[in-house]
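Now for the letters of each chain:
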Amino acid sequence: MTAETQIKETVEGNDVVLFMKGTKSMPQCGFSSRVAGVLNFMGIEYADVNVLADEEIRQGIKDFSDWPTIPQLYVKGEFVGGCDIITEMTLSGELDTLLEENGVTYDKDAADKIREANA
């Protein structure tokens, strides 16, 4: 199976996917840690893909999304963005809207707490 096929199946087969350095329980870079931390705190069920474990996936996800950096978040098969975009969307409430529109369960109180802590 090619990296592109594997990525496509992962993205299409999970409601929420985070391609990251490390895992959701053991992130290996600050940016991945920030996004995984937000998703974990908000109680979002998501698949994590450790790009450090496979160089073809690491390069393949950049080609797949035409986005040069990791982490990369996908919701319902659509690329959402990287660390800065997810942080911005979390603080503005746009991430809540995106999750609600796509039927993804999350803890609204936790999302509000993130915004309160960063106000």
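These numbers come from a predicted model, not from an experiment.

Q: Help me understand the environment of Gln 6 in this model?
A: As for its position among the elements, Gln 6 is in helix 1 (residues 3-13). With 23 residues separating them along the chain, Gln 6 and Cys 29 place their C-alpha atoms 23 Å apart. Those residues in contact with Gln 6, other than ones at most four positions away along the chain, are Met 1 and Ile 57.

Q: Can you help me understand the nonpolar core in this one?
A: If you look at the biggest cluster of nonpolar residues, it comprises 23 residues, and the most contacted ones within it are Leu 18, Met 42, Ile 44, Leu 73 and Leu 95. Looking at this core, the elements with two or more residues in it are strand 1 (16-20), helix 2 (30-41), strand 5 (72-75), helix 4 (83-92), helix 5 (94-101) and helix 6 (108-117). Sorting elements by how many residues they give to this core places helix 2 first, with four residues. Look past the residues within four positions of Met 42 in its chain and what remains in contact with it is Thr 90, Leu 95, Asp 96, Leu 99, Tyr 106, Asp 107, Ala 110, Ala 111 and Ile 114.

Rules behind the numbers
Residues numbered from 1 in each chain as written. Predicted model: local features only at pLDDT ≥ 70, side-chain atom pairs only at ≥ 80, totals over all residues. Heavy atoms only, no water. Helix = DSSP H or I, 4+ residues; strand = E, 2+ residues; numbered from the N terminus. Contact = heavy atoms within 4.5 Å. Core = buried A, V, L, I, M, F, W, Y, C linked by side-chain atoms within 4.5 Å. Buried < 20%, exposed > 50% of the residue type's maximum accessible area, 1.4 Å probe, protein only.

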